[in-house]
Amino acid sequence: MVAVAILAAGRGTRMKSDLPKVLHSLAGRSLVERVIDSCQLLEPDKKIVIIGYQGVKIQQELSHLDGLEFVTQTEQLGTGHAVQQLIPYLQDYQGDLLVLNGDAPLLRKITLHQLVKTHQQSGNAATLLTAHLPNPQGYGRVFCDRNNLVSQIIEDRDCTPAQKQNRRVNAGIYCFKWQKLAQVLPQLSTNNDQKEYYLTEVVGYLDQVMAVDVADHLEITGINDRQQLSTAYNILQTRIKDYWMKAGVMMIQPETITIDETVQLEPDVIIEPQTHIRGHTLIATGSHIGPGSLIDNSKIASNVTVLYSVVNNSEVAENTTVGPYAHLRGAAKVGANCRIGNFVEIKKSSLGDNTNAAHLSYLGDATLGDRVNIGAGTITANYDGIRKHQTIIGSGTKTGSNSVMVAPLTLGENVTVAAGSVVTKDVPPDALVIARARQKEIPDWQQNSKQ
Ligand code: UD1
Ligand code: CA
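Residues numbered from 1 in each chain as written. Chains lettered and ligands numbered in written order. Predicted model: local features only at pLDDT ≥ 70, side-chain atom pairs only at ≥ 80, totals over all residues. Heavy atoms only, no water.

Q: Is there a simple way to think about the site of ligand 1 in this case?
A: Around ligand 1 sit 24 residues in total, of which Gln73, Gly78, Thr79, Glu155 and Asn170 are the nearest. The cavity that encloses ligand 1 is the largest pocket. Listed by contribution, the elements that provide at least two residues to the shell around ligand 1 are strand E1 (2–8), helix H3 (79–84) and strand E10 (168–177). Ranked by residue count, the leading element in the shell around ligand 1 is E10, at three residues. Split into classes, the residues belonging to the shell around ligand 1 amount to nine nonpolar, 11 polar and four charged. (Near = heavy atom within 4 Å. 1 Å grid on protein atoms, 1.4 Å probe; cavity = no way out; pocket = protein on both sides within 12 Å on 5 of 7 lines; lining within 4 Å. Sits in = over half its atoms within 2 Å of the grid points. Helix = DSSP H or I, 4+ residues; strand = E, 2+ residues; numbered from the N terminus. Nonpolar A, V, L, I, M, F, W, Y, C, P; charged D, E, K, R; others polar.)

Next comes the structure, spelled out in structure tokens:
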């Protein structure tokens, strides 16, 4: 039986922010939400978040998550004081308590699972996660014997220069036998540099306390300031990109690429530099994205090319090429074997297969069939100043350069639109439509106008 308590009451002074530290966002999700998520494998009996500074706000931000309980620490007198708030709350609880700092968002689920397992198998009163850091500055140092049994934890600011040499640090992740912890919590003092009640002091009162090293020390990165937040983002990105490269995705200069956790990629996708893939995007095998592209919440089928373009909330079918400099602005559905070229913007429109819009066009609220050719500079004028209107263009139709389709408008199949036309009335299939003034020449106009 395991209950989880997440310490999230502190303000996070070092962030220099009005927002409570644990609500700062790391790649789209708050720190505390990430910590909660890392407990998933444990299936805890209880998930308690200890709140204080702007607690109501934290509660609101987490309201979409099920099964959370909140305990308030009215004054933030230290991590030990935070856990003391659980004493009345868990009076009859007989299981283990996993305590997590709300500012450690990079923990892997498996790490916590193993920590609890070790704790339960070795009958410890407490088991805590440690790491050997190249730069341990700011972390509490953990002093152990050769069997990893912990004698004390000393905060960085309370260490002597000799103690600071110890690079084994406290991750702020502990599994306790709750009843044993509850017995010693009232003994905490404030006998330290910060005059706070430190949770770490309990290791002196419990028997036995074991330290377990984490395999990848980056996991325990705690966020105390903005620099550490940006470092955490980089660590997370490296993790995501390494995962996809192992799964068969090719990345060129991955350090210039960002990919959200919610993205799905297939093997043999190629991602070029300066490309950013976000939201619930899926990219199928053989597609080549970038350089210089942003794909957000979109579905890209196999063997698609996207070059220097932005694709937002849209779908692109197989073998289509997008860009350079195209913008699928939202709800664009582009068929297979299409070509969407330079400076083409598409919004709320669907294009059939083998349809091209290769240069300088705006297609909004339009439905295009198959094999349509949109000439350079074709515009669908979809907005009359009040409402948006639809344009329907039948299969096989070709629009001439610089033509305007004034919606609502339907062009039948295999229509040809003359260059420069402003088409305002529906056109039947197979017709040629010319909707512009006929060219007129006035001879010798220069001479006459001077006279
Ligand atoms: C803490 C540990 C340190 C460890 C480090 C790991 C203590 C005394 N020190 O230090 O050994 O190396 O984490 O990152 O525990 N909080 C409350 N109520 C309070 C104070 C803090 O809920 O009264 C919460 C904070 O919101 C935060 C977490 O506890 O989420 C840790 O607090 P923080 O002040 O960041 O502790 P560190 O100084 O980093
Ligand atoms: Ca911290």
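Q: For this particular structure, what's the right way to read the environment of leucine 42?
A: Along the chain, the position of leucine 42 falls in the loop between helix H1 (31–37) and strand E4 (46–51). The buried category is assigned to leucine 42, whose relative accessible area is 12%. Between the C-alpha atom of leucine 42 and that of leucine 107, which follows or precedes it by 65 residues, the distance is 13 Å. Ignoring anything within four residues of it in the chain, the contact list for leucine 42 reads Val2, Leu98, Leu112, His113 and Val116. (Buried < 20%, exposed > 50% of the residue type's maximum accessible area, 1.4 Å probe, protein only. Contact = heavy atoms within 4.5 Å.)

Q: Could you clarify how one ought to interpret the packing of aromatic side chains in this entry?
A: Applying the stated rule across the entire model yields four aromatic pairs. Ring geometry for tyrosine 174 and phenylalanine 176: centres 5.6 Å apart, planes at 20°, overall stacked. On the basis of relative accessibility, which here comes to 5%, the residue tyrosine 174 falls in the buried class. A relative accessible area of 1% places phenylalanine 176 in the buried class. Residues tyrosine 243 and tryptophan 244 carry aromatic rings whose centres are separated by 4.9 Å and whose planes lie at 85° to one another, so their mutual orientation is edge-to-face. Grouping aromatic residues by their ring pairs yields a cluster made of Tyr308, Tyr325 and Phe343. Here the basic side chain of lysine 388 rests over the ring of tyrosine 383, its NZ or CZ set 5.2 Å away from the ring centre. (Phe/Tyr/Trp six-rings, centres within 6.5 Å; stacked < 30°, edge-to-face > 60°. Lys NZ or Arg CZ within 6 Å of the ring centre and 35° of its normal.)

Q: Looking at this structure, how should I read the layout of surface pockets?
A: Summary: where empty space remains is shown by rolling a probe the size of a single water molecule over the atoms. Estimated volume of the largest pocket: approximately 1,100 Å³. Only E1, H3 and E10 provide two or more residues apiece to the lining of the largest pocket. Residue contributions to the lining of the largest pocket peak at four residues, all from E10. In this structure, the second largest pocket encloses a volume near 460 Å³. Taken together, 17 residues make up the lining of the second largest pocket; nearest its centre are Arg34, Lys109, Leu236, Arg239 and Glu261. Per element, the largest residue contribution to the lining of the second largest pocket is five residues, and it comes from helix H7 (residues 226–246). Partitioning the lining of the second largest pocket into residue classes produces seven nonpolar, two polar and eight charged. (Points joined across faces, edges and corners; volume = space filled by probe spheres on them.)

Q: It is not clear to me how the side chain of aspartate 103 should be interpreted in this structure. Could you clarify?
A: With respect to the secondary-structure elements, aspartate 103 resides in the loop between strand E6 (96–101) and helix H4 (109–122). When its relative accessible area of 11% is taken as the criterion, aspartate 103 is described as buried. Of the polar contacts made by the side chain of aspartate 103, one reaches the side chain of lysine 21; its length is 2.8 Å. The residues touching aspartate 103, leaving out its near neighbours within four places in the chain, are Lys21, Val22, Thr221, Gly222, Ile223 and Asn224. (Polar contact = N/O pair within 3.5 Å; in protein donor to acceptor, adjacent residues only side chain to side chain.)

Q: What's the story with the environment of serine 302 in this structure? I'm lost.
A: Within the secondary structure, serine 302 sits in the loop between strand E20 (299–300) and strand E21 (305–306). Counting along the chain gives 33 residues from serine 302 to valine 269, while the straight-line C-alpha distance between them is 8.5 Å. The residues contacting serine 302, other than those within four sequence positions of it, are Ala284, Thr285, Ser287, Glu318 and Asn319.

Q: Just checking my understanding: could you explain the coordination of the calcium ion (ligand 2) for this structure?
A: Six octahedral donors around a metal ideally make angles of 90 or 180 degrees; four tetrahedral donors ideally make 109.5 degrees. Around the calcium ion (ligand 2), the protein supplies Asp103 (OD) and Asn224 (OD1) as donor atoms, at distances of 2.4 to 2.5 Å. Taken as a pair, aspartate 103 in the loop between E6 and H4 and asparagine 224 in the loop between strand E11 (209–213) and H7 lie far apart in primary sequence, 121 residues in all. Neither residue differs from the other here; aspartate 103 and asparagine 224 are each classed as buried. (Donors = N, O, S within 2.8 Å, 3.2 Å for Na, K, Ca; no water.)

Q: Any chance you could explain H4 here in plain terms?
A: Two residues of an α-helix separated by three or four positions point the same way, owing to the 3.6 residues in each turn. Over its 14 residues, H4 extends 20 Å from the first C-alpha to the last, a length consistent with the 20 Å expected when each residue adds 1.5 Å. Regarding H4, the residues found buried are Thr111, Leu112, Leu115, Val116 and His119. Along the axis of H4, the buried positions cluster into a sector of 130°, meaning they face one direction only. In the segment just after H4, glycine 123 is the residue with positive phi, at about 65°. (Expected span 1.5 Å × (residues − 1). Arc of directions from axis to C-beta.)

Q: Help me understand the pattern of salt bridges in this model?
A: Pairs can form between side chains of opposite charge whenever their charged atoms are close. With the rule as written, the count across this model stands at 14 salt bridges. Note that lysine 46 is salt-bridged to glutamate 69, the shortest N-O span being 3.6 Å. Residue lysine 46 is located in strand E4, and its partner glutamate 69 is located in strand E5 (residues 68–72); the two are separated by 23 residues in the primary sequence. Given the relative accessible area of 22%, glutamate 69 is considered partly exposed. The network of salt bridges with common partners includes Arg29, Arg34, Asp37, Lys109 and Glu261. (Salt bridge = Lys/Arg side-chain N within 4 Å of Asp/Glu carboxyl O.)

Q: Please clarify how the pairing of E6 should be interpreted in this entry.
A: A regular strand carries its side chains on alternate faces of the sheet. Here E6 lies mainly inside the structure; five of its six residues are buried. Judged from the six bridges that link them, E1 and E6 form a sheet pairing that is parallel. Paired with alanine 3 across the bridge in E6 is leucine 97. Here five bridges tie E6 to E10, and the two strands are oriented antiparallel to one another. (Pairing = 2+ DSSP bridges.)

Q: Help me understand unusual backbone geometry in this model?
A: Cis geometry is found at the peptide bond from aspartate 207 to glutamine 208, where omega equals -5°. Inspection of the secondary structure assignment puts glutamine 208 in the loop between helix H6 (178–184) and E11. With omega at 0°, the peptide bond leading from glycine 323 into proline 324 counts as cis. Position of proline 324 relative to the elements: it lies in the loop between strand E24 (321–322) and strand E25 (327–334). Positive phi is not limited to glycine here, since glutamine 274 has a value of about 60°. In this structure, glutamine 274 sits in the loop between strand E15 (270–271) and strand E16 (276–278).

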